[in-house]
Amino acid sequence: MFETLAIIAIVLAVAIAVVLILAATKPSTFRVTRATSIKAPAERIFPLIDDFRQWTAWSPYENRDPDMKRTYDGAGRGQGAVYAWDGNKNVGTGRMEILQSSAPTKVVIKLDFLKPFEGHNTAEFTMLPQGDATSVTWTMYGPAVFMSKVMQVFMNLDHMIGKDFEVGLANLKKLTEK
């Protein structure tokens, strides 16, 4: 019996060590980017991003908790606008603040996740005219703390977050190409 427990303990210790070693090899920052072309002028797209109250119409995160509590503070839109949320395990708790708003081409957001995991990132939206369309890019980047690196051993953050960005961009496309 003791030998069996010792073997299990050794196997478990080796598995944990392997996970920690693999995590240590992950990059210290992450970046997720998705882009789409929208057949609408940037002036039609920009207000939907620059005003947090408009996010309920297109953000893929807004419908994951129907009882999510939202608060808006600071400026109504643009630089200084603040949006905080508190929701279930699917959305957690966090806060966003627009740091830079350059109509109609760029919005930079400070993005702070508080629960279930703390994280401090930056989100950027860029809108570049291309003929009768606008190229819209959604990027999020920030530091990859060690716990994030451990999670990356088991899941692909680019794929997971990127799918959400693709849905959000598709929603923006539907709203603005009408």
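Check the entry above for the structure.
These numbers were taken from a predicted model, which means no experiment stands behind them.

Rules used throughout
- Residues numbered from 1 in each chain as written.
- Predicted model: local features only at pLDDT ≥ 70, side-chain atom pairs only at ≥ 80, totals over all residues.
- Heavy atoms only, no water.
- Helix = DSSP H or I, 4+ residues; strand = E, 2+ residues; numbered from the N terminus.
- Salt bridge = Lys/Arg side-chain N within 4 Å of Asp/Glu carboxyl O.
- Buried < 20%, exposed > 50% of the residue type's maximum accessible area, 1.4 Å probe, protein only.
- Pairing = 2+ DSSP bridges.

1. Brief notes about unusual backbone geometry
Here the residue pair alanine 103 and proline 104 is connected by a cis peptide bond, since its omega of -10° sits within 30 degrees of zero. The peptide bond linking lysine 115 to proline 116 adopts the cis configuration, its omega dihedral lying at 0°. For proline 116, the location among the structural elements is in the loop between strand 5 (106–115) and strand 6 (119–130).

2. Quick look at the pattern of salt bridges
If charged atoms from side chains of opposite charge come close, those side chains can pair. All chains considered together, the criterion is met by eight salt bridges. For aspartate 158, the salt bridge goes to arginine 34, with nearest N and O atoms at 3.1 Å. Of this pair, aspartate 158 sits in helix 4 (residues 157–176) while arginine 34 sits in strand 1 (residues 29–38), and the two are 124 residues apart along the sequence. Note that glutamate 97 and arginine 95 form a salt bridge whose closest N and O atoms lie 3.3 Å from each other. Classification of arginine 95 by relative accessible area gives partly exposed; the value is 31%. Each of the salt bridges in this network shares a partner with another, and the network as a whole consists of Arg34, Asp158 and Glu166.

3. So, the pairing of strand 7 (residues 133–143)
Here strand 7 lies mainly inside the structure; nine of its eleven residues are buried. Across ten bridges, the pairing between strand 1 and strand 7 is antiparallel. Residue pairing across strands places arginine 34 opposite tryptophan 138, the latter belonging to strand 7. Where strand 6 and strand 7 come together, nine bridges link them in antiparallel fashion. Within strand 7, the residue paired with glutamate 124 across the bridge is threonine 139. Between the antiparallel neighbours strand 6 and strand 7 lie two residues, among them glycine 131 with a positive phi of about 65°.

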